[in-house]
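# Summary of the model geometry
Here is what each chain is made of, one letter per residue.
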Amino acid sequence: MVMNIKYFAGIALGLATLPLVFSSCTEDAADRGPAAVVLDFNTRWDGGDFQVQEVYTDQFGNRIRVDNFKSYVSMVKLFRSDGTEVLLEDFYLMDFKNDNRYTFDDVPEGTYNGMQFYLGVPPAYNKDQDPAQYPSSHPLSVAGSQGMFWHWNTGYIFTKFEGKADTTGTEGADLLHSFSFHVGDDPFLRVFESFDTPIIVERGKTTTVHANIQVDHILGNGGSEGIDLATDAITHTSGNTELAKKFMDNFVDAITLE
Amino acid sequence: MMRRGRLMLALAACLVACGGSALLQDEAVGIKIPAHFPAIDFPEDNAPTRLRIELGRRLFYDTRLSADGNTSCGTCHVLSAAFTDGRRVSEGMQHHTGKRNAPTLANLAWMPRFMMEGGVPTLELQALAPLHDTLEMGFNMMEVIEKLKHDEALTALARAAYGRDTLDPFVITRSLAAFQRTMVSGDSRYDRYAFEGKKDQLSEQELRGLELFISEKTRCSECHSGVFFTDFGFHNIGLYEAYADRGRERVTYDSLDMGKFKTPTLRNIGLTSPYMHDGSIASLEEVVEFYNAGGRNHVNKDMRIHPLGLSAQEMEDLVAFLNALTDWNFVQRTDLMPYETE
């Protein structure tokens, strides 16, 4: 089953509720007993599998090879029908070279009608924050962020998507054209939400949620606004905020749950 | 006249084991600042102590912080040039040239935002910038730590100074900032004239230059204001009609900030040639000529930049005054030099 997706740029309300989330999670877990939820992110290309460092052809005829695709996912939450929420995890740095399958062991059982997470790092943790304040195991630390923060500025790079392409349409040509998307900063945070199909969490059982990322859709296949790497190949946010915005809009729109 | 800077955090002296036998004892210390400077507002997690400053000083001059092992902070920030390097743009590791002129490090303890576009909020965080810049030191902080972790003396110093298990990003960023906050400069002939009542410290020509500097005619002191000779603001001075370096626009995305750069201090300006964000003007005389001509046309140019109509004599007087802002004691301070040269 595929759920509908909505996204919102505004996140202020969600942030204001964060301190409550931690306490409600702990209390419920103690009262009602643990059950597991697995959140499994998979990258897809035009209905099939997608792998970093493999070559694919996009709808513009560009042959592309993504060499590095990383993204922060943060504030992964489940919602109950009464509006209460459970925070599963605060920060993940996903490297799409690897599997991105996360298991949450202590989820309060019950029926949840929605899931939400951010693509990026919310404002309270982003600008003017110091990566050196975190232990090295933390995804926002100097080590854990794996270079996903701007050193000449402040703030985390929410998503890196970079590699090589051939944009000449010449069969067998080498992939010589670099593309590089480094997108971050508060205006480019995106919220993924899905509220259409219940997620049932039962004691002693594992509920798996598949989050599929249609990488071809990020570049504009299937209705999103097109990003032709022949002309729109580079944004480090600063310098091309329009392209950064388009990338993140497409990215959040490219995610479906099943 | 000097006094002790106030400490935000009282630190008890502590004893920490070093290499199993030797003991390192840390203690809170004050930073000497001129009486006419405001107090330093130290970060809560980085009040100055003797060992924090010592560790920062050792790291500042340690070439192991660069990928090729040849570049330290002190390579581009040389004390005798008020912590600049005399180059148009700096030469980092493997002779890569940077994109900007190395700024002075004097009086960073009072700087509200760092980097020329002001993106970095603290001196602690600023340390990450050159360390990671591939044109400067070209190194990842974690690789630096990997290289330094076998240095037992440095690790013991890190433990004693910050009470942490190891030399980590927190310790490196904090100690470098602790050392840099000791780079206080406020003892020029101008300071003695203006704040210590020593009227013989400035010559007739320098006094004429001072009058011009604060005059309605030049309005220099409106941006180069206060005891630090900077408003810490961002201005487009019409250096170019089209800027290759976008300046403050890089962090605000606002086209009105295109070509705006943080006002630099003028303290020790006679020692920090060449000038401008890209080092494109070689001498103070040429800088004054540039301002006198009124800069080039740019939609964001500050309205105070326009032809000034200064005579040759007036321009010479201004330069003479600017040269009186050199603090010769600062650039000879042994406690700011590498340990081996002390």
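Right above here is the structure, for reference.
Structure report, in brief.

What follows concerns the overall build of chain B. If you tally the helices and strands in chain B, you get 13 helices and six strands. Counting the 342 residues in chain B, one finds 54% classified as buried. Long-range contacts, defined as pairs at least 24 residues apart, comprise 66% of the intrachain contacts of chain B with a sequence gap of at least 6. Carbon and sulfur atoms make up 52% of the accessible area of chain B, which amounts to about 15000 Å² in all.

On the side of chain A, 18 residues touch chain B, which itself brings 21 residues to the contact. Regarding the contact of chain B and chain A, the summed buried area is about 1700 Å², with carbon and sulfur atoms giving 61% of it. Seen at the junction of chain B and chain A, the total is two salt bridges. Arginine 174 of chain B is the salt-bridge partner of aspartate 130 of chain A, the closest N and O atoms lying 2.5 Å from each other. There are five residue pairs in polar contact (both at pLDDT 80 or more) connecting chain B and chain A. Contributions of two or more residues to the side of chain B that touches chain A are made by α4 (128-132), α5 (141-148), α7 (169-180) and α11 (249-252) of chain B. The biggest single contributor to the side of chain B that touches chain A is α7 of chain B, with four residues. Taken together, the residues of the side of chain B that touches chain A break down into 12 nonpolar, three polar and six charged.

To continue, consider the packing of aromatic side chains. All told, the structure shown has 39 aromatic pairs over all chains when counted by the stated rule. Aromatic side chains phenylalanine 149 of chain A and tyrosine 156 of chain A sit 6.5 Å apart centroid to centroid with 70° between the ring planes, which places their arrangement in the edge-to-face category. The same class applies to phenylalanine 149 of chain A and to tyrosine 156 of chain A, which are both buried. Between the aromatic rings of phenylalanine 161 of chain A and phenylalanine 181 of chain A, the centroid separation amounts to 6.0 Å while the plane-to-plane angle is 65°, which identifies the pairing as edge-to-face. With phenylalanine 161 of chain A in strand β9 (residues 157-166) and phenylalanine 181 of chain A in strand β10 (residues 177-184), the pair connects residues that are 20 residues apart, well separated along the chain. Each of the two residues, phenylalanine 161 of chain A as well as phenylalanine 181 of chain A, counts as buried. Taking NZ or CZ as reference, arginine 57 of chain B lies 3.8 Å from the ring centre of tyrosine 339 of chain B, over its face. Note that arginine 248 of chain B overlies the ring of phenylalanine 234 of chain B, its terminal NZ or CZ placed 4.0 Å from the centroid.

Looking at where leucine 131 of chain B falls in the secondary structure, it is placed in helix α4. Sequence separation of leucine 131 of chain B and serine 66 of chain B is 65 residues, and the distance between their C-alpha atoms is 6.9 Å.

Let us now look at the pairing of strand β5 (residues 63-80) of chain A. Residues and elements named next belong to chain A. Counting buried positions over the 18 residues of β5 gives 16, a clear majority of the element. Judged from the three bridges that link them, strand β4 (residues 55-57) and β5 form a sheet pairing that is antiparallel. Paired with threonine 57 across the two strands is arginine 63, which belongs to β5. Hairpin connection from β4 to β5: five residues lie between these consecutive antiparallel strands, with glycine 61 at a positive phi of about 90°. Taken together, the eight bridges between β5 and β9 define a ladder with antiparallel strand orientation. Across the sheet, serine 71 pairs through a bridge with threonine 159, a residue of β9. The pairing of β5 with strand β6 (residues 85-95) spans nine bridges and is antiparallel. Counted as the bridge partner of lysine 70 is aspartate 95 from β6.

Our next topic: helix α12 (residues 284-293) of chain B. Three or more residues of α12 of chain B are buried, namely Leu284, Val287, Val288, Phe290 and Asn292 of chain B. A positive phi of about 90° marks glycine 294 of chain B, the residue just after α12 of chain B.

Turning next to the packing of helix α1 (residues 50-60) of chain B against helix α6 (residues 152-162) of chain B. Residue and element names in this part refer to chain B. Remark: α1 packs on α6, axes separated minimally by 8 Å, with the N-to-C direction vectors making an angle of 145°. Between α1 and α6 lies a crossing of left-handed hand. Listed contacts from α6 to Leu51, Arg52, Glu54, Leu55, Arg58 and Leu59 of α1 are Leu154, Leu157, Ala158, Ala160, Ala161 and Tyr162.

Basis of the calculations
Residues numbered from 1 in each chain as written. Chains lettered and ligands numbered in written order. Predicted model: local features only at pLDDT ≥ 70, side-chain atom pairs only at ≥ 80, totals over all residues. Heavy atoms only, no water. Helix = DSSP H or I, 4+ residues; strand = E, 2+ residues; numbered from the N terminus. Buried < 20%, exposed > 50% of the residue type's maximum accessible area, 1.4 Å probe, protein only. Contact = heavy atoms within 4.5 Å. Areas by Shrake-Rupley, 256 points an atom, 1.4 Å probe, with all protein chains shown as cover. Buried area = accessible area lost by both parts, 1.4 Å probe. Salt bridge = Lys/Arg side-chain N within 4 Å of Asp/Glu carboxyl O. Polar contact = N/O pair within 3.5 Å; in protein donor to acceptor, adjacent residues only side chain to side chain. Nonpolar A, V, L, I, M, F, W, Y, C, P; charged D, E, K, R; others polar. Phe/Tyr/Trp six-rings, centres within 6.5 Å; stacked < 30°, edge-to-face > 60°. Lys NZ or Arg CZ within 6 Å of the ring centre and 35° of its normal. Pairing = 2+ DSSP bridges. Axes fitted to C-alpha atoms, helices over the stretch in contact; angles between N-to-C directions. Left-handed = near helix turned anticlockwise from the far one by under 90°.

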